[in-house]
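Report on the structure
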Amino acid sequence: MTEKNNPPLVVLVDGSNYIYRAFYAIPLFDKLKGFPTNAIYGFTNMLLKLLRDLTPDYIVMTFDLKGPTARHEEFVDYKSTRKPMPDDLIPQIPFIKDVVRGLSISVLEKQGVEADDIIGTLAKQASKRIGGQPSFPEIKI
């Protein structure tokens, strides 16, 4: 925990971003009959390092869910040039979320809302409690 006069350290993580960073940072390797594990391995190492280095008082992991978001309604071509999720990454996602929950980290995800928009909302709410004035849009989660 933080000292008496310091506000608590709140860490908000875009888990979807972490997943892609881990997947592309670690060469593809298989364990147990061809099941890919590179993203699981990389994600877990990144998360453990974050926890070691920052020792947050509170941590929340957010994830994007499959499907359109409010941003797609505002801009029809939003992410239209992005490649689909790699086939070798898809089966790793549930295991990554198991790692997060296994470390007793709160997970927030909402259909139609992107992970970074959830983070913006949480940052705004946390900032209000400690007297800041961020400029993030409010999203009900």
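Just so it is clear, the structure is predicted and the values come from calculations on it, not from any experiment. (Residues numbered from 1 in each chain as written. Predicted model: local features only at pLDDT ≥ 70, side-chain atom pairs only at ≥ 80, totals over all residues. Heavy atoms only, no water.)

**Re the nonpolar core**
Core analysis: the biggest nonpolar cluster contains 19 residues, and Val-13, Ile-19, Phe-43, Leu-47, Ile-59, Met-61 and Val-100 have the highest contact counts within it. Of all the secondary structure elements, the ones that give two or more residues to this core are strand E1 (10-14), helix H1 (15-25), helix H2 (38-54), strand E4 (58-62) and helix H4 (93-102). Leave out the neighbours within four places in its chain, and Val-100 touches Phe-43, Leu-47, Met-61, Phe-63, Ile-105 and Val-107. (Core = buried A, V, L, I, M, F, W, Y, C linked by side-chain atoms within 4.5 Å. Buried < 20%, exposed > 50% of the residue type's maximum accessible area, 1.4 Å probe, protein only. Helix = DSSP H or I, 4+ residues; strand = E, 2+ residues; numbered from the N terminus. Contact = heavy atoms within 4.5 Å.)

**Section: the packing of aromatic side chains**
Each pair of aromatic rings is reported with the distance of its centres and the angle of its planes. Tallied over the entire structure, the rule returns four aromatic pairs. Taking the centre distance of 5.0 Å and the plane angle of 85° together, the rings of Phe-23 and Tyr-24 count as edge-to-face. Ring plane angle 75° and centroid distance 5.3 Å describe the contact between Phe-35 and Phe-95, whose orientation is recorded as edge-to-face. Of this pair, Phe-35 sits in strand E3 (residues 35-36) while Phe-95 sits in helix H4, and the two are 60 residues apart along the sequence. Judged by its relative accessible area of 42%, Phe-95 falls in the partly exposed class. An aromatic cluster is built from Tyr-20, Phe-23 and Tyr-24, whose rings are joined through pairwise contacts. Over the ring of Phe-63 we find Lys-97, and its NZ or CZ is 5.0 Å from the ring centre. (Phe/Tyr/Trp six-rings, centres within 6.5 Å; stacked < 30°, edge-to-face > 60°. Lys NZ or Arg CZ within 6 Å of the ring centre and 35° of its normal.)

Read these as geometric descriptors, not functional statements.
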